[in-house]
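Commentary on secondary and tertiary structure
Here are the chains, one letter per residue:
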Amino acid sequence: MRPAGPLFHGFAVVSVSAWLLLAAGWLLLRGRLPARPLLLVGRAMLRRRHRAVLADLQPELGRCFVARVGAGVPSDADIGSRLVVLEDGVPLPHAHAAHDDIRRLGGGRYSHWGDNVYFATRDDSDPRTNGRRYTVEER
Amino acid sequence: MSSGAASPDHVVGPHPLLPLLRCPACGGELRRDEDVLRCDCGAGHPIVRGVPRFVPDDAYVGSFSFEWNTHDRTQLDSARGDTMSRDTLHEKTGLDAAQLRGRLVLDAGAGTGRFSEVMADMGARVVGVDLSLAVEAAHRNLRHRGDVLIAQADIGRLPFGPETFDVIVSIGVLHHTPDTRRHFEALVPLLKRGGTIAIWVYPDEGDYRIRNQWIPWTNKIPPRLFYEWCRWFVPFLHRRRGSRLQGLAARLFPYSQQGYGLENDILDVFDGYSPRYHGIHSPAEVIGWFEAAGLVDVREAGPVRTSVRGRRP
Ligand SMILES: C[S@@+](CC[C@H](N)C(=O)[O-])C[C@H]1O[C@@H](n2cnc3c(N)ncnc32)[C@H](O)[C@@H]1O
Ligand SMILES: [Zn+2]
């Protein structure tokens, strides 16, 4: 097949996008597409970026600890998280980690999932007793 | 024109699997008369560009004619140099070389022939059929092989006698017909007693459900135009991985990030949203069809949802 020229490409991008936006509007109005992701994005754009100190840290499994972030901050369970976990102000190295990896491998892996953040400290020490401060902030 | 007995261009020469073909109108044997396969009932089936044709055109699968001639080698293991299709075959059917060696296999809805190639490499003899002009791509890919024959035919009206095949596979095909169950049932009589049939159809869940809502809108777009859009859309979002926009798009318009390269993801988005028919089914429903068709040892074939296999007693 011959590659399309730039004119046809541009026409395809504009016309199909317009058609699909129309379709998206109709499907959302009829409740055939989930509106929640859209609401979350809208809210995330209007709201101030979330910043908080993590309190009430609970051991989960293996090297993993869990703390509540709170509802309304988009996580990887919905439209994707932009949350960074900081240890004494320094970001932990691995965001969006698989929970199994956090438990088994630790090493500063974390995941923002639903209303909670699951994380392992950088040196796998216990965050409740190692004397460091854990904060989260949306980037 | 080359010679070489195995080339389907020279089915005269003759392709070893050609005698399997029967008249879909009456079931009679076919005689080769130049570039036509003739039956005593008067029906004639032409061989065009090396491929026996049992349908007048590509009916409701024009999107696939376009898709598989545009991406004729994107998923072909021999062209990729990896085992993408071999692994997919195993995940969706549970079949491996030990179960395929020496067997006669029907690949129903063969597309570019990627699974036909993999199964022939495992020692099977394979007939690949497809309703679309994908057969031309499959023929280009596999014409050098005497262990694979490609034909253009409709699963609802296949050119084979009853109890012909040891194994029948149909991966990602039957939900693109107007009636998934009826087309599955059309395959069962072609299976020998003791033979195995394995299919995978779209599950009735998650992203497939969302896609199903889009289909009436996306499949109205001319294939060439929609394909060009996919070539923009997929790289656009890949570059924005982790952004709000990408997160939102992935939820509202699920698209591929399969990890087999950008071309494969573009192909897969086109593949998912362009077909005329897009059925979704639960594993329990599909298992029910197998049991009602009199198959035994019916079970989910592997880790992928709605992949089911069974045996003819
Ligand atoms: C998504 S493709 C899958 C191709 C191949 N099995 C693969 O996975 O690479 C579905 C194929 O089914 C074919 N198909 C749909 N309806 C068919 C029918 N009634 N008879 C034969 N082939 C059909 C289409 O033409 C298309 O090539
Ligand atoms: Zn006949």
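Everything here concerns the structure above.
The text that follows walks through the structure, step by step, so that each part is easy to find. Just so we're clear, the structure is a prediction, and the values are computed from it rather than from any experiment.

**Observations concerning helix 1 (residues 62-70) of chain B**
Residue and element names in this part refer to chain B.
- The element helix 1 is largely enclosed, with a buried count of seven among its nine residues.
- For helix 1, every residue scored as buried is listed here: Ser 63, Phe 64, Ser 65, Phe 66, Glu 67, Trp 68 and Thr 70.
- Residues of helix 1 that are buried make contact with helix 6 (134-142), helix 9 (223-238) and helix 11 (262-273).

**Comments concerning the interface of chain B and chain A**
- Opposite the 24 residues of chain B that make contact, chain A presents 33 residues.
- Carbon and sulfur atoms supply 74% of the area that chain B and chain A bury against each other, a total of about 2,600 Å² over both sides.
- Three residues, Trp 217, Arg 244 and Arg 251 of chain B, lead the burial of chain B against chain A; their summed loss comes to 31% of the area buried on that side.
- Connecting chain B to chain A are one salt bridge.
- With its nearest N and O atoms 3.1 Å apart, the salt bridge here joins Arg 244 of chain B to Glu 138 of chain A.

**Some words on the coordination of the zinc ion (ligand 2)**
Residues and elements named next belong to chain B.
- Here the zinc ion (ligand 2) is held by the protein donor atoms Cys 23 (SG), Cys 26 (SG), Cys 39 (SG) and Cys 41 (SG), which lie 2.3 Å from it.
- Note that the zinc ion (ligand 2) binds four donor atoms; their angles at the metal cover 93 to 115°, and the shape is tetrahedral.
- Linear spacing of the donor residues for the zinc ion (ligand 2) on their chain is C-x2-C-x12-C-x1-C.
- Exposure remark for Cys 41: the relative accessible area of 45% places this residue in the partly exposed category.

**A look at the nonpolar core**
Residue and element names in this part refer to chain B.
- Judged by nonpolar contacts, the single largest core of 39 residues is most densely connected at Leu 106, Phe 160, Phe 184, Leu 187, Ile 197 and Phe 290.
- Contributing elements (two or more residues each) for this core: strand 5 (104-108), strand 6 (125-130), strand 7 (148-152), strand 8 (165-171), helix 7 (180-187), strand 9 (191-200) and helix 12 (283-292).
- When sequence neighbours within four positions are dropped, the list of residues in contact with Ile 197 reads Ile 168, Phe 184, Leu 187, Leu 191, Phe 290, Leu 295, Val 308, Arg 309 and Gly 310.
- The next biggest cluster of nonpolar side chains, apart from the first, holds 33 residues, and it includes Phe 66, Val 234, Phe 253 and Tyr 273.

**Thoughts on the packing of aromatic side chains**
Residues and elements named next belong to chain B.
- Per the stated rule, a full pass over the model turns up 23 aromatic pairs over all chains.
- Summarising the aromatic geometry, the rings of Trp 229 and Phe 233 are spaced 4.4 Å apart at their centres and angled 15° between planes, so their arrangement reads as stacked. Of this pair, Trp 229 and Phe 233 both sit in helix 9, four residues apart, which is roughly one turn of that helix.
- Taken together, the ring pairs in this structure connect Phe 66, Trp 214, Phe 226, Tyr 227, Trp 229, Trp 232, Phe 233, Phe 236, Phe 253, Tyr 255, Phe 270 and Tyr 273 into an aromatic cluster.
- The ring centre of Trp 200 lies 3.5 Å from the NZ or CZ of Lys 92, which sits over that ring.

The rules behind these values
- Residues numbered from 1 in each chain as written.
- Chains lettered and ligands numbered in written order.
- Predicted model: local features only at pLDDT ≥ 70, side-chain atom pairs only at ≥ 80, totals over all residues.
- Heavy atoms only, no water.
- Buried < 20%, exposed > 50% of the residue type's maximum accessible area, 1.4 Å probe, protein only.
- Helix = DSSP H or I, 4+ residues; strand = E, 2+ residues; numbered from the N terminus.
- Contact = heavy atoms within 4.5 Å.
- Buried area = accessible area lost by both parts, 1.4 Å probe.
- Salt bridge = Lys/Arg side-chain N within 4 Å of Asp/Glu carboxyl O.
- Donors = N, O, S within 2.8 Å, 3.2 Å for Na, K, Ca; no water.
- Tetrahedral: all angles 85-135°; square planar, octahedral: opposite > 155°, others 65-115°.
- Core = buried A, V, L, I, M, F, W, Y, C linked by side-chain atoms within 4.5 Å.
- Phe/Tyr/Trp six-rings, centres within 6.5 Å; stacked < 30°, edge-to-face > 60°.
- Lys NZ or Arg CZ within 6 Å of the ring centre and 35° of its normal.

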